[in-house]
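Residue-level structure breakdown
Now for the letters of each chain:
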Amino acid sequence: MWKCPVFLVTLAKNEALSLNIEPSLYTVKAVLILDNDGERLYAKYYDDTYPTVKEQKAFEKNIFNKTHRTDSEIALLEGLTVVYKSNIDLFFYVIGSSHENELMLMAVLNCLFDSLSQMLRYANICLKNVEKRALLENMEGLFLAVDEIVDGGVILESDPQQVVHRVALRGDDVPLTEQTVTQVRTTSLLYPSLCCGV
Amino acid sequence: MIKKFDKKDEESGSGSNPFQHLEKSAVLQEARIFNETPINPRRCLHILTKIIYLLNQGEHFGTTEATEAFFAMTRLFQSNDQTLRRMCYLTIKEMANISEDVIIVTSSLTKDMTGKEDVYRGPAIRALCRITDTTMLQAIERYMKQAIVDKVPSVSSSALVSSLHMVKMSYDVVKRWVNEAQEAASSDNIMVQYHALGLLYHLRKNDRLAVTKMLNKFTKSGLKSPFAYCMLIRIASKLLDETEGGHDSPLFDFIEGCLRNKNEMVVYEAASAIVHMPNCTARELAPAVSVLQLFCSSPKAALRYAAVRTLNKVAMKHPSAVTACNLDLENLITDSNRSIATLAITTLLKTGSESSVDRLMKQISSFVSEISDEFKVVVVQAISALCQKYPRKHSVMMNFLSNMLRDDGGFEYKRAIVDCIISIIEENPESKETGLAHLCEFIEDCEHTVLATKILHLLGKEGPRTPQPSKYIRFIFNRVVLESEAVRAAAVSALAKFGAQNDDLLPSVLVLMQRCMMDSDDEVRDRATFYMNVLQQKQKALNAAYIFNGLSVSIPGLEKSLHQYTLEPTEKPFDMKSVPLVTTPITEQKTEIAPVATSKLPEKLAPSRQDIYQEQLASIPEFQSLGPLFKSSDPVQLTEAETEYVVRCIKHTFARHMVFQFDCTNTLNDQLLQKVVVQMEPSEAYEVEHYIPALSLPYSQPGSCYTLIRLPDDDPTAVSCTFSCTMKYLVRDCDPNTGEPDDDGYDDEYVLEDLEVTVADHIQKVLKPNFGAAWEEVGDEFEKEETFALASVRTLDEAVNNIISFLGMQPCERSDKVPENKNSHVLFLAGVFRGGHDVLVRARLALADGVTMQVTVRSSEETVVDVILASVG
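Residues numbered from 1 in each chain as written. Chains lettered and ligands numbered in written order. Predicted model: local features only at pLDDT ≥ 70, side-chain atom pairs only at ≥ 80, totals over all residues. Heavy atoms only, no water.

Chain B is annotated in an unreviewed UniProt entry as Coatomer subunit gamma of Oryzias sinensis. Comment text from UniProt for chain B, heading Sequence similarities (unreviewed entry), reads "Belongs to the COPG family." Under Subunit (unreviewed entry), UniProt gives the following word-for-word description of chain B: "Oligomeric complex." (UniProt positions renumbered as here; feature names shortened; annotations may be inferred.)

As annotated in an unreviewed UniProt entry, chain A carries the name Coatomer subunit zeta and is attributed to Oryzias sinensis. The UniProt entry for chain A carries the following comment under Subunit (unreviewed entry): "Oligomeric complex that consists of at least the alpha, beta, beta', gamma, delta, epsilon and zeta subunits." Recorded under Sequence similarities (unreviewed entry), the UniProt text for chain A is reproduced unchanged: "Belongs to the adaptor complexes small subunit family."

1. Side note on the overall build of chain A
Counting its regular elements, chain A contains eight helices and seven strands. For chain A, buried positions account for 60% of its 198 residues. Accessible area for chain A stands at about 7,800 Å²; split by element, carbon and sulfur atoms hold 54% of it. (Helix = DSSP H or I, 4+ residues; strand = E, 2+ residues; numbered from the N terminus. Buried < 20%, exposed > 50% of the residue type's maximum accessible area, 1.4 Å probe, protein only. Areas by Shrake-Rupley, 256 points an atom, 1.4 Å probe, with all protein chains shown as cover.)

2. Some words on the overall build of chain B
When you go through chain B residue by residue, the secondary structure sums to 37 helices and 17 strands. Going through the 873 residues of chain B one by one, you find that 53% of them count as buried. Intrachain contacts of chain B at a sequence separation of at least 6 include 64% that bridge at least 24 residues. Of the roughly 40,000 Å² of accessible surface on chain B, a fraction of 50% belongs to carbon and sulfur atoms. (Contact = heavy atoms within 4.5 Å.)

3. Brief notes about the sheet that holds strand E2 (residues 40-45) of chain A
Residue and element names in this part refer to chain A. Spatial ordering of the open sheet is given by E2-E1-E5-E4-E3, a layout of five strands whose pairing is antiparallel. Since the sheet does not close on itself, it has two edges, and those belong to E2 and strand E3 (74-77), each with one partner. Averaged over all adjacent pairs, the angle separating strand axes in this sheet is 20°, with direction ignored. (Pairing = 2+ DSSP bridges. Axes fitted to C-alpha atoms, helices over the stretch in contact; angles between N-to-C directions.)

4. Quick notes on the side chain of Asp761(B)
Residue and element names in this part refer to chain B. With respect to the helices and strands, the residue Asp761 is situated in the loop between strand E11 (755-757) and strand E12 (763-765). Among the polar contacts listed, one links the side chain of Asp761 to the side chain of Lys651, at a separation of 3.1 Å. Beyond its immediate stretch of four places on either side in the chain, Asp761 contacts Lys631, Ser633, Lys651, Thr653, Met658 and Glu756. (Polar contact = N/O pair within 3.5 Å; in protein donor to acceptor, adjacent residues only side chain to side chain.)

5. What to know about a negative patch on the surface
A contiguous patch of negative charge, built from Asp670(B), Asp733(B), Asp735(B), Glu740(B), Asp742(B), Asp743(B) and Asp744(B), is present on the exposed surface. Checked against the element boundaries, Asp735(B) lands in the loop between strand E9 (721-733) and strand E10 (746-751). (Patch = residues over 30% accessible without salt bridge, like charges linked within 9 Å, V, L, I, M, F, W, Y side chains within 5 Å. Salt bridge = Lys/Arg side-chain N within 4 Å of Asp/Glu carboxyl O. Lys, Arg positive; Asp, Glu negative; His and termini not counted. Charge placed at Lys NZ, Arg CZ, Asp CG, Glu CD.)

6. Focus on helix H22 (residues 357-365) of chain B
Residues and elements named next belong to chain B. Of the positions making up H22, those classed as buried are Val357, Leu360, Met361 and Ile364. Taken around the axis of H22, the buried residues stretch over an arc of 100°, which confines them to a single face. Turning to H22, the residues buried within the fold contact helix H21 (338-351), helix H23 (373-389) and helix H24 (394-406). (Arc of directions from axis to C-beta.)

7. Brief notes about the side chain of Lys29(A)
Here Lys29(A) is to be found in strand E1 (residues 28-35). Polar contacts involving the side chain of Lys29(A) include one to the side chain of Thr49(A), which spans 3.3 Å.

8. Considerations on the environment of Asp114(A)
Residues and elements named next belong to chain A. With respect to the helices and strands, the residue Asp114 is situated in helix H3 (residues 102-123). Residue Asp114 is classed as partly exposed on the basis of its relative accessible area, which comes to 33%. Measuring from C-alpha to C-alpha, the distance between Asp114 and Gln161 comes to 8.6 Å, with 47 residues separating the pair along the chain.

9. As for the pattern of salt bridges
One pass over the structure, following the stated rule, counts 44 salt bridges over all chains. Between Glu862(B) and Lys784(B) there is a salt bridge whose closest N-O contact spans 3.8 Å. With Glu862(B) in helix H37 (residues 862-872) and Lys784(B) in strand E13 (residues 784-790), this residue pair connects regions lying 78 residues apart in the sequence. Overall, the relative accessible area of 39% leaves Glu862(B) in the partly exposed class. What you see here is one network of salt bridges that share partners, running through Asp147(A), Glu148(A), Asp151(A), Glu157(A), Arg166(A), Arg86(B), Lys93(B) and Arg126(B).

10. Some details on the nonpolar core
All names here are of chain B. Within the largest apolar cluster, 257 residues are counted, with the highest numbers of intra-cluster contacts made by Phe34, Leu109 and Ile255. Apart from residues lying up to four places away in sequence, Ile255 is in contact with Ile233, Ala236, Ser237, Leu240, Ala270, Ala273, Ile274 and Met277. By size, the runner-up hydrophobic cluster in this structure holds 29 residues, among which are Ile804, Val818, Leu827 and Val867. (Core = buried A, V, L, I, M, F, W, Y, C linked by side-chain atoms within 4.5 Å.)

Here it is as structure tokens:
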């Protein structure tokens, strides 16, 4: 339905870029994480394509409607390239201009997802998957990880190992008594590098 | 782990969100524990997380409350908990714009950025640069320089990226760090390399020489980072584009070499750069296309998408280059990612043969409802292109389009469909009735005013000439009853056209008009009243002038003339003939559907080329008394392209004069030309009145000189003339390096090619949407007819094109298109002769051995008829 003049404006903005794009490090327009109702768990917009919260929410709703039923990983929406990934009850999105190299955006998405899954496995013994509950219990980890991956729209790091290392969430907050010996051993077997605090 | 102490949350089901019902005021209340000693890191961390979460949800924080929370937070720097410290940095960044006095944390951050803990240093730099302004930046400049060349990658990257962010604000300061950035560019770390390259480019992008040097250095030394490679490719292709460098340049070789990089990201970037280069030959495209072809079978959806999207772009310009990929594209038709499938199909539609059209259309209609509007527009574009290629397929297309029209969709999408249907109707007379029927159905439930008015206009134009005009009346009148003002007004205009064309419908139309005169809107009432009165006269000429064929003047021109008229009130009525005519007739614009990511925002009406000339000429005092500019020709080259001086001429026609504008360019860098005039020797009774020289013509800076010619008054039939032209000037030799000219010069001249003035220069094209009515309007008072044999012409197409370009008149009723396999054709031409006399030409053509042509000319002025016939003969 024809509802939002925002749509037109966004298109026009992107159109301006269509000829002779200025080479730039500013690659990512937004990073979003939505839950399986399409509600925002995390959203970071790096430019003013969607300046107000209202426009952002409308965009997120549109994105969610177009993507939550299919498991394909890329789409063109409102003149922007959206790469996405879903896992259990979470939807991860990285958004860039339609002229952006899709694989770069994909690298950001993969880095975000892999970093989170390593961090969550490390932090939670009973919730090893990247799922909503585990994420909510580690919000600060998510905030710090995104901050290490993208800075103001520039890709800062694309290697999940590096990101996990820099976020440096140490396990010493978890009282050791809550872990059984086997769990500790599996964790260290699976992720020796993490447990060694690399 | 943070919430481990909160057992309740853990047990309340996996869907629960502990942040769901956060109250901003409650969280800010909790933030008071920041002031407690000793600091409880875990609780403080949790509260900071809540604050950032709220900010992230778009919660609005007032300045006072934000500042209060911010100041409380600064106390947390006393704790040495790593995660807590990191969250403080984040809070500083998030609050930098909402809280006041954020600069108080500067010293804490400076301490952290220069401290021993590597984990703190990078994030501290980024937080610090977020709150720093130009003056403060100088205070930390020393630290920034050190950080850029720091051996810890995260520190160096943070410093480089923060510098990049600050280029916008403090270019002059950051510029001084170029040497450090240069050093960082040779780092081993791939991200540092990338960030350093990005910063260096941003600092140097206005200096083309520096960019070239930088490119040379990095393309030779080779980089490790794929991101940096992508950046280099972009810089190289931009430089190629700007310098219009040939494809034999080393930069092009570099990009082509990247096609063999081992990283897919780099390969794709290179392929995409080559594809987007203007004027790429098929041979140059081939390697790029073949890597894209490989990507088509990648297991990664993003890569397949990227490949097929780029191939789709290639197919627009070079369909043959993509044919090799047809098999791979076929496999993508059933791709589970609908965007990929759509792009594959539309690409195939561009490259495939006529026989595959049905199958592809069927395939695409099975999932058209699942794809986004952007791709639906892509599909419509492909169909539109297809209709032009395979006109016989129009019934399949029309069906498909009408189904798409019924679906939901945004304005851009609907507009694309409507434009496409309209262009099909115009191309194929057989499809007219079905097309109009679909459009009628569409406006019954159309929320877009622009589209409804457009369709109503089309109905008014085409409807009355269909076998059963009465069936459209109902659709149109429904609009009058149901719609907004703009649509109602358009509907009234459409109705009037039915009444004017069809005598048997006239009584009913008059009744309907009567009802429209009761409308609540002024414009609708005015139109109804006006049309009512015109229709009641039952005069063909009136109908033609006021209902069928509207004004053909240029709108900006009319605005200007009317404004002028109101400034100098006179007794004389306003003369429409003094308004310049519109130069590009409305339907001349091919119904091009806008590409995907464009939108026609309501633009200011751009002045046409002729309006610009009018302004330029009016600023020259000698030309001010000539009256309005009647017509400007396209530029004619009077020299070869590669000669010492390049001269082209534009012919400007006025009521009694012609002005020749010579655009001259001096391509010799050791000469300065002065007082340049083009001397003209007419072959007929044309009289040169005045030369206006170009005073100075330095190397490669174009200049214009003018020649004013008076047209012969006594013999109005002398419309064609040949001029021999010589350029005369004073040469001053100069130093090619400094451009410093010698003191004295010498006269010289340069012979140009002859310039011809033909009948076409005296006629302005005018589109008559309804030629028949215009024909009646002019009447047969000065009608003349003659028959010619065009011996040298072999086909009707050729004959039609020759006549159009010779007379320079506007073909009407799409009569410039000769149907296939016909032996006869009628061509309708309309124009206005210099002085404002309408002139219409009807040429009946018959194909036998050669082409026989019977020309009938009508005009409001007898001499004009003679001129046309004389010049054809």
